[in-house]
Amino acid sequence: MGMTIAEKIISRHAGREARAGELVVAEVDFIMGQDGTTPLAIQAFREMGGVKVSHPERVALVIDHSAPSPVEGTSNLHALMREFASSQGVRLYDVGWGVCHCLLPEQGHVAPGDLVVGADSHTTTYGAINAFSTGVGSTDLAAAMLTGKLWFKVPASMRLELRGKLQPGVYSKDVALFITGELTADGATYLALEYGGEVISDLSVEARFTISNMAVEVGAKAGLMEADAKVLDYVARRVKRPFEPAEPDPDAEYVEIREYDLSDLPPMVAVPHRVDHVKPVEEVEGTEIHQAVLGTCTNGRLEDLEVAAEILAGKSVHPGVRLIVAPASREVLLEGMRKGVIQALVEAGGALVTPGCGPCVGTHNGVPADGEVVISTANRNFKGRMGNANAFIYLASPATVAASALEGKITDPRKAMR
Amino acid sequence: MILKGRAHVFGDDINTDYIISGKYKFKTLDMKELALHLMEDIDPDFHKKVRPGDFIVAGRNFGCGSSREQAPLVIKAAGISAVLAASFARIFFRNAINKGLPVVECDTSAIRTGDELEVDLERGLVRNLTTGGQVEMKPLPGVMMDILKEGGLTEYLRKYGEFRL
Ligand code: SF4
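Now for a look at the structure at hand. Residues take numbers from 1 onward in each chain, read along the sequence in its written order. Chains carry letters and ligands carry numbers; both start at the beginning, A for chains and 1 for ligands, and go up in the order they are written. At least 70 in pLDDT is required for a residue's local features to be given in this predicted model, at least 80 for side-chain atom pairs to be given and counted, and no such filter applies to totals for whole chains, interfaces and linings, which use all residues. Based on all heavy atoms of the structure, the side-chain values leave hydrogens and waters out of the count.

A short note on the overall build of chain B
For the purposes of this entry, the term helix denotes a DSSP run of H or I that reaches at least four residues, the term strand denotes a run of E that reaches at least two, and both are numbered from the N terminus. When helices and strands are counted, chain B shows 8 helices and 7 strands. Radius of gyration here is computed from C-alpha atoms only, and the compact-globule reference equals 2.2 Å multiplied by the residue count raised to the power 0.38. A globule of 165 residues ought to have a C-alpha radius of gyration of about 15 Å, and chain B, at 15 Å, matches this closely. Projected onto the principal axes, the alpha-carbon positions of chain B cover approximately 45 × 40 × 25 Å. Burial classes: relative accessible area under 20% of the type maximum marks a residue as buried, over 50% as exposed, and values in between as partly exposed (1.4 Å probe, protein chains only). Per-residue burial over chain B gives 62% buried out of 165 residues.

Structural data, given as structure tokens:
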């Protein structure tokens, strides 16, 4: 019987054939922690009796969630991370480098066929470049740093075949939101998702990250895609070590294979307060907004900002709207400056913040007021997510967010693009 | 291990932002302080209602959302002895065990807030002392039971130095 991508990658790292449901101890290729999870991991590492990180070159710590620090408590936790990183010889991406999930692939730390753990739930992002990457907590992060390994239950897989051709104005975020609505918040709990079909192969690697990023919103442990020519080209420019992509066997076993034809998919919006409450944009068009957010690990990459800049260039955002622009990394910011994308967004009225998580998780950079409505390119709209439980968060593509920022109300981007 | 306490019932899809909001968790590692904000966005006075040993009881997909370990830690720090739910989100489930917080997957539909419960982790039974009802819990994978028995992954690794399957 053939194997899924998840079974192949975990088997190789466990040193034995392992099938869905089996428990294994496996060696990890890369380990990531961010500033919300690493301080507790450092504490746990020390309590475990840890002295040295087993493979410092396989670890990166990223200060992105509250960066630069807004309060002294956070500053002290950042200082703890800096001290740990320098004493352990571990790579630290300090304030301004960007969001962990944009940085890791961009800086060449993740390769196809890798087994990666990150102390952040959206670690599923790197599935787009064929890495089995999954989110863990701080204690697992500590254990992985200490031993270079972790225990895993091999997940069963669900295959999604995405057929057809996306309409103009419809993007990978709309696909991700559609899938979330279809599968619901716990529809893939404990499963690995495998995405295939023409919709995926037509997308750029950047756009694919958006879909794998949101795999965790349906409870999945990983969101895997195959390493096609686009992926190999993406990593060839970045990864400096040997790697081995993993393809699913034709007779691999899936708990379910679902096929969707997305040729007629409209732009989609997730409405408060659940990511799986997803509607076509026309059903919420006209909803007044107060803040629009472009950025995050879901949609803060160059292509995302470019799409928004095309809509906003030479125009001004609605006077009742604050547009916050958080490039996902320094590389995105620099490239965006070179291409005039940042210029266009700021001229249109955008408020540029430090590359990083931006206002996504309510620590800084744009906490909404009571009763306000936000439209964001992020991946979560839980009550209180952006720091105020009395605000309302809608999730959409960069195009929908940009079009809505112009109009002051939720707007179908296809109108702004005509 | 037999745990006894009162039930505090919540619904489906209780996410980690509800358990402990991101706006607090980045500021401190002091879980006692964070425990004052447990479930704040759905029940602002919740922390005052908890007596040591009580249970959080929920529906499906408890703990979905972020990987923040503050979620199980804050639940523990508030005095909750175990979480019972119809199902759990994967990362939360793993984190809870790693932090020595028992998580019990069982049919919670008949439990009401205020019910007195008795949870027998060894025998895998939940008894409702108020109604006389009883349900079985889904057994934990062996490695998780071992970690829980040591009081968490930190204690487990301090003892064994590596994973043993
Ligand atoms: S951008 Fe948002 S979702 Fe992504 S890692 Fe940062 S806080 Fe988490």
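A few points about the pairing of strand β6 (residues 132-135) of chain A
Residue and element names in this part refer to chain A. The two faces of β6 match: Phe132 and Thr134 on one face and Ser133 and Gly135 on the other face are all buried. Bridge count for strand β5 (residues 115-119) against β6 is 4 bridges, and the pairing is parallel. Residue Val116 lies in a different strand from β6, and its bridge partner there is Ser133. Strand pairing is assigned whenever DSSP identifies at least 2 bridges connecting the two strands.

Overview of the environment of Asp54 of chain B
All names here are of chain B. With respect to the helices and strands, the residue Asp54 is situated in the loop between α4 (46-49) and β2 (55-58). On a C-alpha basis, the gap between Asp54 and Leu117 in space is 8.6 Å, while along the polypeptide they are 63 residues apart. Among residues more than four places away in sequence, those in contact with Asp54 are Gly5, Arg6, His8, Lys49, Gly79, Ile80, Ser81 and Ala82. Pairing of N or O atoms within 3.5 Å defines a polar contact, subject to two protein rules: one partner must be a possible hydrogen donor and the other a possible acceptor, and residues neighboring in sequence count only if both atoms are side-chain atoms. There is a polar contact of 2.8 Å between the side chain of Asp54 and the side chain of Arg6. A distance of 2.9 Å separates the side chain of Asp54 from the backbone nitrogen of Arg51, its partner in a polar contact. When checking whether two residues touch, look at their non-hydrogen atoms; a contact exists if any pair is within 4.5 Å.

So, the interface of chain B and chain A
With 42 residues of chain B in contact, the opposing surface of chain A contributes 52 residues. Overall, the association of chain B and chain A removes approximately 3,900 Å² of surface from exposure, summing both partners, and the carbon and sulfur fraction of that is 59%. Definition used for salt bridges: Asp or Glu carboxyl oxygen within 4 Å of a side-chain nitrogen of Lys or Arg. One can count 4 salt bridges joining chain B with chain A. Measuring nitrogen to oxygen at the nearest pair gives 3.0 Å for the salt bridge that ties Asp186 of chain A to Arg60 of chain B. Applying the counting criterion to the chain B and chain A interface returns 17 residue pairs in polar contact (both at pLDDT 80 or more). Of all the elements in the fold, those that place two or more residues in the side of chain B that touches chain A are α1 (16-19), α2 (22-25), α5 (70-77), α6 (90-98), α7 (142-150) and α8 (153-160) of chain B. Take the accessible area each of two parts loses on contact, using a 1.4 Å probe, and add the two losses: that sum is the buried area.

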